[in-house]
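These are the residues of each chain, in order.
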Amino acid sequence: MLSGQPTVRVDQVSESTNCPTTTLIQGRNHFELARYGFNIVLISRNQSKLDGVKQEILRKTPNVEVLTILFDFTNTNLADYEEKIFKQLNRLDVGVLVNNVGKYVEYPNRFDKIAGGIKTWTDITLINTLPVTLLTFEVLKQMIPRNAGIVINISSSSSYHHIRYWSVYSATKKFVSHFTHVLSKEFNNTGIVFQVAYIFALPGLMADFFMDKINLITRKRAIRRNQKVAIKKDSN
Ligand SMILES: NC(=O)c1ccc[n+]([C@@H]2O[C@H](COP(=O)([O-])OP(=O)(O)OC[C@H]3O[C@@H](n4cnc5c(N)ncnc54)[C@H](OP(=O)(O)O)[C@@H]3O)[C@@H](O)[C@H]2O)c1
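Residues numbered from 1 in each chain as written. Predicted model: local features only at pLDDT ≥ 70, side-chain atom pairs only at ≥ 80, totals over all residues.

A.B. asks: Looking at this structure, how should I read the overall build of the protein?
C.D. replies: A tally of regular secondary structure across the protein gives 7 helices and 6 strands. Each helix and strand of the protein, ordered N terminal to C terminal, gives the series α-β-α-β-α-β-α-β-α-β-α-β-α. Evaluated residue by residue, the protein yields a buried proportion of 28% over its 236 residues. Within the protein, contacts between residues separated by at least 24 positions form 66% of all contacts whose residues are at least 6 apart in sequence. (Helix = DSSP H or I, 4+ residues; strand = E, 2+ residues; numbered from the N terminus. Buried ≥ 20, exposed ≤ 12 C-beta atoms within 10 Å, placed from the backbone. Contact = placed C-beta atoms within 7 Å.)

In structure tokens:
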């Protein structure tokens, strides 16, 4: 939560901010909001995954409406944003925007040695910074006249630390938190609330990746410790 702004709980959103309850989410994290009766718009790049998630939401919360929009956020073409996303949004009353989409490094390495080279850094930079900027800009066009709305931007605990091998990823997450803090100041005297979430580990691909690494490191340390003990015993 940003300083100077009221705390808004998800179950109080529509009452406390006079917001309509349509929520726009990049990615597929949505069940909690649907449970509170929000209609959901999901934007992601894989239609069969989106369809699967939509069915799952409707099965758990049959009273909400779910719209899916297929879009690949490596696409930087503003005309495509306009045609595929903004036109649909302008027909809806969006009360909450969750900027969740994020790409991480699959095999962290020194900046110059990253797998996939410059294409990896291009994708991470674009996916983690451009959609949050453009969708926030577009949705504010509705929120400003209404003087109500919530924008939740997903950052990462990595934005706090100078972690070796996570250079571009952690820098893009710093972008997300910095951007959110500045907007929060700019809209301080309005009914629009900006929140940034600093995620450490969520169930998902990224968390699986981190846990695999941590398990691997722990196993290697245990093996080294056992080897040292065995060598010591031999020498005694
Ligand atoms: N998981 C963690 O432990 C963790 C830690 C710190 C921060 N975070 C942040 O939390 C957010 C969500 O992370 P997550 O672990 O839930 O990630 P995830 O499981 O990989 O989900 C990210 C979502 O973004 C979508 N996406 C990825 N690339 C896309 C593209 N080019 N175009 C359109 N959609 C795209 C994915 O679509 P598909 O379904 O098609 O893959 C997926 O729905 C991210 O911003 C991440 O940086 C996560």
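A.B. asks: Explanation requested: the confidence of the model for the protein in the structure shown.
C.D. replies: Interpretation of this model should avoid reading the predicted coordinates in detail wherever pLDDT is low. On average, the protein scores 84 in pLDDT, and the residues at 70 or more come to 74%. The model gives residues 1–9 a pLDDT under 50, and that stretch makes 18 contacts with residues more than four places away or in other chains. (pLDDT = per-residue confidence, 0-100.)

A.B. asks: I would appreciate a short explanation of the nonpolar core in the present structure.
C.D. replies: The nonpolar side chains of a soluble globular protein tend to be buried, and buried together. Within the largest apolar cluster, 30 residues are counted, with the highest numbers of intra-cluster contacts made by Ala34, Phe38, Ile40, Leu42, Val96, Leu97 and Val139. Taken together, the elements giving at least two residues each to this core come down to α2 (31–35), β2 (39–44), α3 (47–60), α4 (78–89), β4 (94–99), α5 (117–146), β5 (149–156) and β6 (192–199). In this structure, Phe73, Val101, Ile127 and Tyr169 belong to the second largest nonpolar core, which totals 9 residues. (Core = buried A, V, L, I, M, F, W, Y, C linked by C-beta atoms within 7 Å.)

A.B. asks: Can you walk me through the environment of Thr129 in this structure?
C.D. replies: Looking at the element boundaries, Thr129 is found in helix α5. In this structure the C-alpha to C-alpha distance between Thr129 and Phe179, which are 50 residues apart in sequence, comes to 9.6 Å.

A.B. asks: What is the right way to look at the environment of Lys174 in this model?
C.D. replies: Mapping Lys174 onto the fold places it in helix α6 (residues 167–186). With 15 C-beta atoms counted inside 10 Å, the residue Lys174 sits in the partly exposed group. Residues Lys174 and His161, 13 residues apart in the sequence, show an inter-C-alpha distance of 9.7 Å.

A.B. asks: Help me understand unusual backbone geometry, please; the structure alone is not making it clear to me.
C.D. replies: Across residues other than glycine, the phi torsion is negative in most instances, and most of the peptide bonds are trans. Positive phi is not limited to glycine here, since Asn147 has a value of about 55°. Tracing the backbone shows Asn147 in the loop between α5 and β5. Residue classification places Asn147 among the exposed positions, given that 12 C-beta atoms sit within 10 Å. Not every positive phi belongs to a glycine, and Tyr165 is a case in point at roughly 80°. Along the chain, Tyr165 turns up in the loop between β5 and α6. Under the C-beta neighbour-count criterion, Tyr165 is labelled partly exposed, with 14 such atoms within 10 Å.

A.B. asks: Help me out: how do you make sense of the packing of α5 against α6 in this one?
C.D. replies: In a packed pair of helices, the relevant descriptors are the angle between the two axes and the axis-to-axis distance. Running from N to C, α5 and α6 cross one another at 10°; their axes reach a closest spacing of 9 Å. On the basis of their axis angle, the class for α5 and α6 is roughly parallel. Contacts from Trp121, Ile124, Thr125, Asn128, Thr129 and Val132 of α5 reach α6 at Val168, Tyr169, Thr172, Lys173, Phe175, Val176 and Phe179. Its residues placed into classes, the contact of α5 with α6 shows 8 nonpolar, 4 polar and 1 charged. (Axes fitted to C-alpha atoms, helices over the stretch in contact; angles between N-to-C directions. Parallel < 35°, antiparallel > 145°, perpendicular 65-115°, else oblique. Nonpolar A, V, L, I, M, F, W, Y, C, P; charged D, E, K, R; others polar.)

A.B. asks: Sorry if this is basic, but what is going on with α6 here?
C.D. replies: An α-helical segment advances 3.6 residues per turn. Residues three or four places apart therefore align on the same side. Over its 20 residues, α6 extends 28 Å from the first C-alpha to the last, a length consistent with the 28 Å expected when each residue adds 1.5 Å. All of the buried residues along α6 are Tyr169, Ser170, Thr172, Lys173, Val176, Thr180 and Ser184. On an axial view of α6, the arc spanned by its buried residues comes to 165°, and they lie on one face. Structural note: α6 exposes Val182 and Glu186 on the side pointing more than 90 degrees away from its buried face. Contacts made by the buried residues of α6 are with α5, β5 and β6. (Expected span 1.5 Å × (residues − 1). Arc of directions from axis to C-beta.)

A.B. asks: Hey, could you run me through the environment of Thr122 in this one?
C.D. replies: Tracing the backbone shows Thr122 in helix α5. C-alpha of Thr122 to C-alpha of Val168: the two residues are 46 residues apart in sequence and 9.4 Å apart in space.

A.B. asks: Just to check I follow, could you spell out the pairing of strand β3 (residues 66–70) for this structure?
C.D. replies: The side chains of a regular strand alternate between the sheet's two faces. Here β2 runs beside β3; their pairing, made up of 5 bridges, is parallel. When the sheet's bridge partners are listed, Val41 is paired in β3 with Leu67. Once you follow β2 into α3 and on to β3, the crossover reads as right-handed. (Pairing = 2+ DSSP bridges. Right-handed = clockwise from strand over helix to strand, strands pointing away.)

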